[in-house]
Number of protein chains: 2
Amino acid sequence: MKLSTRSRYGTRMMLDLARHYNEGPVPIGEIAEVEGISVKYLEQLIIPLKKAKYIKSVRGPKGGHMLSKPPEEISIADIVKVLEGGFGFSPCIEDPAACKRTSDCLTRGLWEETTRAVLDKLDSITLSDMLQRRPIPDQSPWKSEGRETPWTVKPMIRRQ
Amino acid sequence: MKLSTRSRYGTRMMLDLARHYNEGPVPIGEIAEVEGISVKYLEQLIIPLKKAKYIKSVRGPKGGHMLSKPPEEISIADIVKVLEGGFGFSPCIEDPAACKRTSDCLTRGLWEETTRAVLDKLDSITLSDMLQRRPIPDQSPWKSEGRETPWTVKPMIRRQ
DNA sequence: ATATTCTATACTCAAATGATAGAGTTTATG
DNA sequence: CATAAACTCTATCATTTGAGTATAGAATAT
């Protein structure tokens with residue numbers, strides 16, 4: 001039931017772009033460094049996001065990428081729908097012909113509703129909402145011993 | 001974001017067992033035939049479901065499997081939690097140490113809430129609820145042409 | 001000119017998934 | 001008690017998917 005790293009990294013990247021909305025293009029290298037993700041991998045995620053018109057880019061020196069809409073107008077569902085190759089809890093959600101049982105399978109409706117529940121949730125949260133949030137405390141009910149030294153985010157330095 | 005076939009097949013199998021609750025053990029071969037899933041694969045799914053005490057089995061001729069609790073007391077979440085190897089939309093949900101960024105990652109809370117939304121949904125639906133349902137109509141908004149000849153479920157014949 | 005940055009496609013590698021195989025155990029029944 | 005019908009357990013395998021790397025090319029500010 002895991003989301004791919006594409007969706008998760010992509011969301012983080014979009015969040016970085018949202019932080020710098022209206023500050024000019026952000027080069028991919030900066031995002032890669034801050035997030036600890038390879039430039040090459042992020043480049044692949046940008047392509048579909050550009051096609052979907054959530055990102056616009058500027059080439060050449062001082063170039064980079066930026067949101068093409070304000071952060072309030074981009075939801076997490078928008079991002080995940082673009083990056084996650086085939087969401088839907090079961091293949092038959094997107095393609096009913098994927099299974100011969102489709103027409104009388106009781107569980108198909110179940111997985112469809114569950115998929116809907118996720119989409120509704122993610123649709124209700126915009127990039128702008130995300131920026132208001134605080135990280136959740138790291139007190140896992142699983143492992144509470146052996147905490148590492150606190151790790152802090154390397155601040156993203158904007159040019160100029 | 002897809003669920004594994006383990007969860008999906010397992011749910012269908014549990015639904016078959018629910019249909020025959022209090023009718024004695026159902027052999028795995030019958031379920032395999034009705035659902036079109038190999039006996040060998042279903043056998044693997046039964047093991048964890050037995051460990052979790054949702055299924056009890058009887059060996060030997062006339063043996064088989066049956067629910068160890070009434071269908072009202074087993075939710076879809078119960079089944080998925082047992083069969084899906086690591087649910088949680090991100091690895092950091094189950095294991096915060098999976099990522100160094102854990103302590104100050106804005107998206108971790110997001111994925112946690114989303115996972116919660118799914119679990120809540122599946123928790124609210126029992127096997128008994130499922131049996132009340134009707135299959136959803138097969139009018140996909142994607143492909144509406146070229147419908148195959150209707151396929152009907154082969155009825156499961158109980159012994160005696 | 002040239003260094004910087006994005007664009008596009010192809011390729012590799014490992015892990016997970018989905019499924020099968022076979023040997024062994026229990027037990028109802030004739 | 002022999003046998004066949006079932007479950008149990010472990011191993012194996014093939015395919016797909018996911019994650020990431022590599023390479024070549026195009027645009028543009030300075």
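Being a predicted model, the structure only gives us computed values, none of them experimental.

Calculation notes
- Residues numbered from 1 in each chain as written.
- Chains lettered and ligands numbered in written order.
- Predicted model: local features only at pLDDT ≥ 70, side-chain atom pairs only at ≥ 80, totals over all residues.
- Helix = DSSP H or I, 4+ residues; strand = E, 2+ residues; numbered from the N terminus.
- Buried ≥ 20, exposed ≤ 12 C-beta atoms within 10 Å, placed from the backbone.
- Near = placed C-beta within 6 Å.
- Nonpolar A, V, L, I, M, F, W, Y, C, P; charged D, E, K, R; others polar.
- Expected span 1.5 Å × (residues − 1).
- Arc of directions from axis to C-beta.
- Contact = placed C-beta atoms within 7 Å.
- Axes fitted to C-alpha atoms, helices over the stretch in contact; angles between N-to-C directions.
- Left-handed = near helix turned anticlockwise from the far one by under 90°.
- Least-squares fit on C-alpha atoms with pLDDT ≥ 70 in both.
- Pairing = 2+ DSSP bridges.
- pLDDT = per-residue confidence, 0-100.

*Asks:* What is the right way to read the overall build of chain A from this model?
*Replies:* Along chain A, the regular secondary structure elements total 7 helices and 2 strands. Overall, chain A shows an N-to-C arrangement of helices and strands of α-α-α-β-β-α-α-α-α. By the burial criterion, 29% of the 160 residues in chain A qualify as buried.

*Asks:* So what exactly am I meant to see when it comes to the protein's contact with DNA strand D here?
*Replies:* Of all residues adjacent to DNA strand D, which total 26 residues, the nearest are S4, S38 and G60 of chain A together with P27 and I28 of chain B. Listing elements by their share of the surface near DNA strand D, those giving two or more residues are helix 1 (5-19) and helix 3 (39-51) of chain A together with helix 2 (28-35), helix 3 (39-51) and strand 2 (64-67) of chain B. Looking at the surface near DNA strand D, its residues break down into 7 nonpolar, 12 polar and 7 charged.

*Asks:* Got a minute to help me understand helix 6 (residues 106-123) of chain B in this structure?
*Replies:* Two residues of an α-helix separated by three or four positions point the same way, owing to the 3.6 residues in each turn. For helix 6 of chain B, which comprises 18 residues, the first-to-last C-alpha distance of 27 Å matches the rise-based estimate of 26 Å (1.5 Å per residue) to within 8%. Among all positions of helix 6 of chain B, only T107, R108, L110, W111, T114, T115, V118 and L122 of chain B are buried. All buried residues of helix 6 of chain B lie within an arc of 165° about the axis, which places them on one face of the element. The secondary structure elements touched by the buried residues of helix 6 of chain B are helix 1, helix 4 (76-83), helix 6 (106-123) and helix 7 (127-132) of chain A together with helix 4 (76-83) and helix 5 (91-94) of chain B.

*Asks:* How should the packing of helix 2 of chain B against helix 3 of chain B be read in this particular structure?
*Replies:* The geometry of a pair of packed helices is captured by two quantities: the angle between their axes and the separation between those axes. All names here are of chain B. Put simply, helix 2 and helix 3 touch, their axes get as near as 9 Å, and they point 120° apart. In this structure, helix 2 meets helix 3 at a crossing whose hand is right-handed. Residues I28, G29, I31 and A32 of helix 2 touch helix 3, and the partners they reach there are V39, L42 and E43. When its residues are assigned to classes, the contact of helix 2 with helix 3 shows 5 nonpolar, 1 polar and 1 charged.

*Asks:* Even after reading the chapter, I still don't get the interface of chain B and chain A, so can you show me in this structure?
*Replies:* Interfaces are often described in size by the accessible area the parts lose on coming together. Across the boundary between the two partners, chain B contributes 47 residues, which contact 46 residues of chain A. Contributions of two or more residues to the side of chain B that touches chain A are made by helix 1 (5-19) and helix 6 of chain B. Here the side of chain B that touches chain A takes 12 residues from helix 6 of chain B, the largest share from any one element. Residue classes in the side of chain B that touches chain A are distributed as 23 nonpolar, 11 polar and 13 charged.

*Asks:* Explanation requested: the protein's contact with DNA strand C in the structure shown.
*Replies:* Taken together, 27 residues lie near DNA strand C, and S57 of chain A together with S4, S38, K40 and G60 of chain B sit nearest. Elements with a contribution of two residues or more to the surface near DNA strand C: helix 2 (28-35), helix 3 and strand 2 (64-67) of chain A together with helix 1 and helix 3 of chain B. At 5 residues, the largest contribution of residues to the surface near DNA strand C is made by helix 3 of chain A. By residue class, the composition of the surface near DNA strand C is 7 nonpolar, 13 polar and 7 charged.

*Asks:* Before we go on, may I ask you to explain the relation of the copies chain B and chain A in this structure?
*Replies:* Related by rotation about an axis and a shift along that axis, the two copies of the chain form a pair. When chain B is fitted onto chain A, the two copies agree to an RMSD of 0.1 Å after a turn of 180° and an axial shift of 0.0 Å. Given the turn and translation reported, the copies of this chain are related as if by a two-fold rotation axis. Residues of chain B ranked by C-alpha distance from the rotation axis are headed by M1 of chain B, positioned 2.5 Å from it.

*Asks:* Any chance you could explain the pairing of strand 2 of chain B here in plain terms?
*Replies:* Residues and elements named next belong to chain B. Burial of the side chains of strand 2 is restricted to one face: H65 and L67 are buried, whereas none of G64 and M66 on the reverse face is. Alignment of strand 1 (residues 55-58) against strand 2, held across 4 bridges, turns out to be antiparallel. Within strand 2, the position partnered with V58 by the bridge is G64. Between strand 1 and strand 2, which pair antiparallel one after the other, the connecting turn spans 5 residues, and G60 there sits at a positive phi close to 80°.

*Asks:* Any chance you could explain the confidence of the model for chain A here in plain terms?
*Replies:* Taken residue by residue, chain A gives an average pLDDT of 87. The fraction at 70 or more is 86%. Between residues 140-155 of chain A, whose pLDDT stays under 50, and residues either more than four places distant or in other chains, the model counts 9 contacts.

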